[in-house]
Each structure stands twice: as structure tokens, then as C-alpha cells.
Amino acid sequence: MTTSAWQSVDEVQTALAKVGYLASESIATTVFLAAQLGRPVLVEGPAGVGKTALAKAVSEASAARLIRLQCYEGVDEARALYEWNHAKQLLRITAEQHGRWDDLRTDIFGEEFLLPRPLLAAVRSTDPVVLLIDELDKADEEMEGLLLEVLSDFQVTIPELGTIQAAQRPFVVVTSNATRELSEALRRRCLFLHIDYPAPALEQQIVHLHAPGLDEALARSIVRVIGALRGLDLRKAPSVSETVDWAHTLLSLGADRLDPRLVERSLGVILKHQPDIESAHARLDLDRALAD
């Protein structure tokens, strides 16, 4: 099955749920439209709300290969698009050093010496592909310029070989934590989706999906405390994945209910900075958060 085979938003929600991703209606609608229109999706939102997980879930649900470009400061064309196998080229030049340069130049810039990186691999794939361009906001602005041809025309131009057109359009997910503003040129090429922390009812469903042995009342308490923590001015609010980690932690401890002492003992599972833990100790109203 490919993403284009999905016939409705409900079908997308069902398919994603089967692989463990509980998508809201807005998420499922955007995925459906991206598949139908052949458009990339730019997904923004806080860290840990399921942006990367969405691409992985679409890949699994549609039986498509996931190709991931992890962005970071300094990532360049050689890491993202392609590079030439210089060692192999040098060996060929050495072996044919008495040949004509024009013939040799054509010889060493052929397919044999090309090393595809994620963008080129996705464009050239003849099988269904989900291309994940992860945390684009961490890369330099020059990387956005490199992406424009891929995201608008689904093609890559290699000066020595010409333009390579995608045999079939990959499903593209671009994620950003919004640490810097992305260009309007890139945004125009994408459908936009903002994923925020889920509503309590949905987060409780997520907890039950990943920690099925958890007591219903305990799951409600977990989600309620997580929501209260997110309301504080923290350096890093707990993500959905940390909510699930906390649920597993409490299962491991054999807990059947939350109390203030247990919360304070286990804060290091959900808060990863000491000032945040201190702020939670000082400002979190546990009695209110734990009231059922």
C-alpha cells in the first residue's frame, strides 16, 4: 500500500493507529491531503510532540522505505545530496594516467563513482519512499536553497550527469522545532502542520496504547501532572515521549496511584534540567494536580 492509496481522512487515522500513532483529525487530514496532492509537509511544534514519529508512522503504515536526512549546523550538499567517490576516481586516474583528459573526465564522473546521499536516494528510488528531512531549523539557510528544487520539482541536477527526475514522488516530511524562521520560499512549497502537545484525552489514549497495563486512574493522574508541569515556565517542558517513559517507570515501580512523594522521587524521568526540577518542587501544586 502507498500513501496515495488512502481514500479518506478516517482511513489515514486508522492506518496510523494500527502502527501505534494516534493522530488527531488535523494531523490525519494534512497527511491525507499531502498524499493526494503530492505535496511535502512542513511540521512545526515543540520538541517531543511526535513530528519525527509521524514520518516513521506514515512509512510503516504505507509500507514505504524511510529515508532520513538529519539536519545539523554545517550539513552540506555532500552530506545531503551526493558526493563523488574521490578515492575511486583517483585510482582510475592513476590507472589511466596516459589517457586523454576529455575521455578520462567523462569516465570518472559516471554512475560508478557517484555516492547518493538521502535527497538523491529518495529521488532515484523506484520503490515508495517517505523522505524525512528532520530538524531543518538546525541547518544553515543555504540548506533551504538546496532543498527548493527537490521540494518543488522532485528532481536533482548534477552538473556532470544532468537532471534526474523522480520516478515517483516521495512522501516528504520536513520537521522544525522553530528555533529559527524558515524561508517563505520553502514554506510555499509545503503544506503546513503545527503539532502541539495533545489534548489530555488524546494523551491518555497514547499512554494506554504504549503502557497497556496501566490503571485508568493512574493514567489520568499522569496526564494531569504532565499538563501542570507544562504550565510552568520550564527550560524544557516534558514531551509526549517522556509522558510514556513516566508511565513505564511507574509500572516498573508497581505503583497503582500517584502521591506527592512518588512524583518528587521520579521527576528526573520527565524533567531533564536541575533548575526545572527545582522549579517543579517550588511551584507545582501537586494536591490540585492529583485531585481526581
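Per chain, residue numbering runs from 1 following the sequence as it is written. In keeping with the predicted nature of the model, local features appear solely for residues at pLDDT of at least 70, side-chain atom pairs appear and are counted solely at 80 or more, and the whole-chain, interface and lining totals rest on all residues. By convention in this description, side-chain values take in all heavy atoms of the structure and omit both hydrogens and water.

Colleague: Any chance you could explain the sheet that holds strand β2 (residues 65-70) here in plain terms?
Modeller: One key point about sheets: their strands pair by backbone hydrogen bonds, in either a parallel or an antiparallel sense. Spatial ordering of the open sheet is given by β2-β5-β8-β1-β9, a layout of 5 strands whose pairing is parallel. Each edge of the open sheet is held by one strand with a lone partner, namely β2 and β9 (191-194). Averaged over all adjacent pairs, the angle separating strand axes in this sheet is 20 degrees, with direction ignored. We treat two strands as partners when DSSP finds at least two bridges between them. Counting from the N terminus, the helices are DSSP H or I runs at least four residues long and the strands are E runs at least two residues long. In the sheet, strand β1 (residues 41-44) pairs with strand β8 (residues 171-176) via 4 bridges, with the strands oriented parallel. By the bridge assignment, E44 is partnered in β8 with S176. Contacts were defined at the residue level, with two residues in contact if any of their heavy atoms lie within 4.5 Å. Axis definition: a line fitted to C-alpha atoms, limited for helices to the stretch in contact. Angles are taken between N-to-C directions and run from 0 to 180 degrees. Sitting on the sheet, helix α2 (residues 25-37) is in contact with β1, β8 and β9, with an inclination near 160 degrees to β9.

Colleague: For this particular structure, what's the right way to read the nonpolar core?
Modeller: Soluble globular proteins tend to bury their nonpolar side chains together. Take the buried Ala, Val, Leu, Ile, Met, Phe, Trp, Tyr and Cys residues and link them wherever side-chain atoms come within 4.5 Å; each set so joined is a nonpolar core. Only protein chains enter the calculation, and the probe is 1.4 Å; a residue is then buried if its accessible area is under 20% of its type maximum, exposed if over 50%, and partly exposed in between. Ranked by size, the top nonpolar core spans 35 residues in total, and within it L119, L120, I133, L136, L151, I158 and L186 carry the most contacts. Among the elements that line this core, the one with the most residues is helix α8 (residues 141-153), at 5 residues. With residues up to four places along the chain from it excluded, the contact list for L186 reads L42, L136, E144, L147, L148 and L151. With 29 residues, the next largest nonpolar core counts W6, V9, I27 and V49 among its residues.

Colleague: Explain α8 here, please?
Modeller: Since the α-helix advances by 3.6 residues per turn, residues separated by three or four positions end up pointing in the same direction. A residue's bend is simply the angle between two axes: one fitted to the seven residues ending at it, one to the seven starting at it. Of all the bends in α8, the greatest, near 35 degrees, is centred on L147. Three or more residues of α8 are buried, namely M143, E144, L146, L147, V150 and L151. In this structure, the buried residues of α8 make contact with α4 (77-80), α7 (118-124), β5 (129-134), β6 (155-158), β8 and α9 (184-188). Immediately beyond the C-terminal end of α8, within one or two residues, lies F154, with a positive phi of roughly 50 degrees.

Colleague: Quick question: what am I supposed to make of unusual backbone geometry here?
Modeller: With the exception of glycine, the majority of residues adopt a negative phi angle, and the majority of peptide bonds are in the trans configuration. Here the phi dihedral of E135 falls at roughly 55 degrees; this positive angle occurs in a residue that is not glycine. Assignment of secondary structure puts E135 in the loop between β5 and α8. Here the phi dihedral of F154 falls at roughly 50 degrees; this positive angle occurs in a residue that is not glycine.

Colleague: When you look at the state of the cysteines in this model, what are you seeing that I'm missing?
Modeller: Linking two cysteines covalently through their sulfur atoms gives a disulfide. In this description, a disulfide is simply a cysteine sulfur pair whose atoms lie within 2.5 Å. What the rule picks out here adds up to 0 disulfides. In this structure C71 is a free cysteine whose sulfur lies 12 Å from that of C190, the closest cysteine sulfur available. Residue classification places C71 among the buried positions, given a relative accessible area of 2%. Taking the relative accessible area as the measure of exposure, C190 reaches 8% and is therefore buried.

Colleague: Before we go on, may I ask you to explain the domain arrangement of the protein in this structure?
Modeller: For interface size, the figure often reported is the accessible area lost on association. Start and end positions for the domains come from either an automated domain assignment or a database one. For the protein, the assigned domains are domain 1 (9-78 + 121-194) and domain 2 (200-290). Computed over C-alpha atoms only, the centres of domain 1 and domain 2 are separated by 31 Å. Across the boundary between the two partners, domain 1 contributes 6 residues, which contact 9 residues of domain 2. Once two parts are brought into contact, the accessible area they lose, counted with a 1.4 Å probe and summed over both, makes up the buried area. Summing both partners gives a buried area of about 530 Å² for domain 1 against domain 2, and 71% of it is carried by carbon and sulfur. Considering only the side of domain 1, the residues that lose the most area to domain 2 are G20, L22 and G48, jointly responsible for 72% of the buried surface there. Whenever Lys or Arg places a side-chain nitrogen within 4 Å of a carboxyl oxygen from Asp or Glu, that contact is recorded as a salt bridge. On inspection of domain 1 and its partner domain 2, the count reaches 0 salt bridges. The class makeup of the residues in the side of domain 1 that touches domain 2 is 3 nonpolar, 3 polar and no charged. The nonpolar class holds Ala, Val, Leu, Ile, Met, Phe, Trp, Tyr, Cys and Pro. Asp, Glu, Lys and Arg form the charged class, and all remaining residues, Gly among them, are polar.

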